[in-house]
Amino acid sequence: MARHFATDLVDYRAPFADADLEHLRAEYARNPAELTCPHCRPGAMEIIGFVEPEPDSRGFATPAEPLGAYVILLRCVECGRGGSLRVDAEE
C-alpha cells in the first residue's frame, strides 16, 4: 500500500504499518465512530480531519467533507501512531 501525500499532515511519533491501516480501513467501513488502534485501548483513536484525495494545483491539501472520495487523517493519542486512509465513493 502506497503512503498518501496527506500522511505528512498528521503529527505523530510513528506511522501505522500497512497492516494497521488495513485494519483501520475495515473498522471505518463497519462503523466510523468506533475506530480502535490495533495496539492500544478503545477510545484512543482521533480523527484529525478529512481532506480531498488529491492535492490542489499548489500541492496543498484541501479540507473536505466525508462524502464521496476523501482522505481521513488520524492518530492514536495513546501510542502516537498516525496516518491517513483514502476512502473512495464506492466504499
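For the structure given in this document, a descriptive report is provided here. (Residues numbered from 1 in each chain as written. Predicted model: local features only at pLDDT ≥ 70, side-chain atom pairs only at ≥ 80, totals over all residues. Heavy atoms only, no water.)

This part covers the sheet that holds strand β4 (residues 81–87). Spatially, β1-β4-β3-β2 is the arrangement adopted by the 4 strands of the open sheet, whose pairing is mixed. Among the strands making up the open sheet, the edge pair consists of β1 (14–15) and β2 (45–51). Where β2 and strand β3 (residues 70–76) come together, 6 bridges link them in antiparallel fashion. What sits directly across from F50, in β3, is I72. Those strands touched by helix α1 (residues 18–30) are β2, β3 and β4, and its axis lies near 55° from that of β4. (Pairing = 2+ DSSP bridges. Helix = DSSP H or I, 4+ residues; strand = E, 2+ residues; numbered from the N terminus. Contact = heavy atoms within 4.5 Å. Axes fitted to C-alpha atoms, helices over the stretch in contact; angles between N-to-C directions.)

With that settled, the discussion passes to the nonpolar core. Within the largest apolar cluster, 15 residues are counted, with the highest numbers of intra-cluster contacts made by F16, L24, M45, I72 and L74. With 4 residues, the top contributor of residues to this core is β3. (Core = buried A, V, L, I, M, F, W, Y, C linked by side-chain atoms within 4.5 Å. Buried < 20%, exposed > 50% of the residue type's maximum accessible area, 1.4 Å probe, protein only.)

With 13 residues, α1 extends 19 Å between its outermost C-alpha atoms, agreeing within 8% with the 18 Å of an ideal straight helix rising 1.5 Å per residue. For α1, the secondary structure elements touched by its buried residues are β2, β3 and β4. (Expected span 1.5 Å × (residues − 1).)

What follows covers the packing of aromatic side chains. The full count for this structure, using the stated rule, is 1 aromatic pair. When the ring of F50 is compared with that of Y70, the centres are 5.6 Å apart and the planes differ by 80°; the resulting orientation is edge-to-face. With F50 in strand β2 and Y70 in strand β3, this residue pair connects regions lying 20 residues apart in the sequence. Of the residues examined, F50 reaches a relative accessible area of 22% and is grouped as partly exposed. Exposure remark for Y70: the relative accessible area of 5% places this residue in the buried category. (Phe/Tyr/Trp six-rings, centres within 6.5 Å; stacked < 30°, edge-to-face > 60°.)

Shape descriptors only; they carry no functional weight alone.
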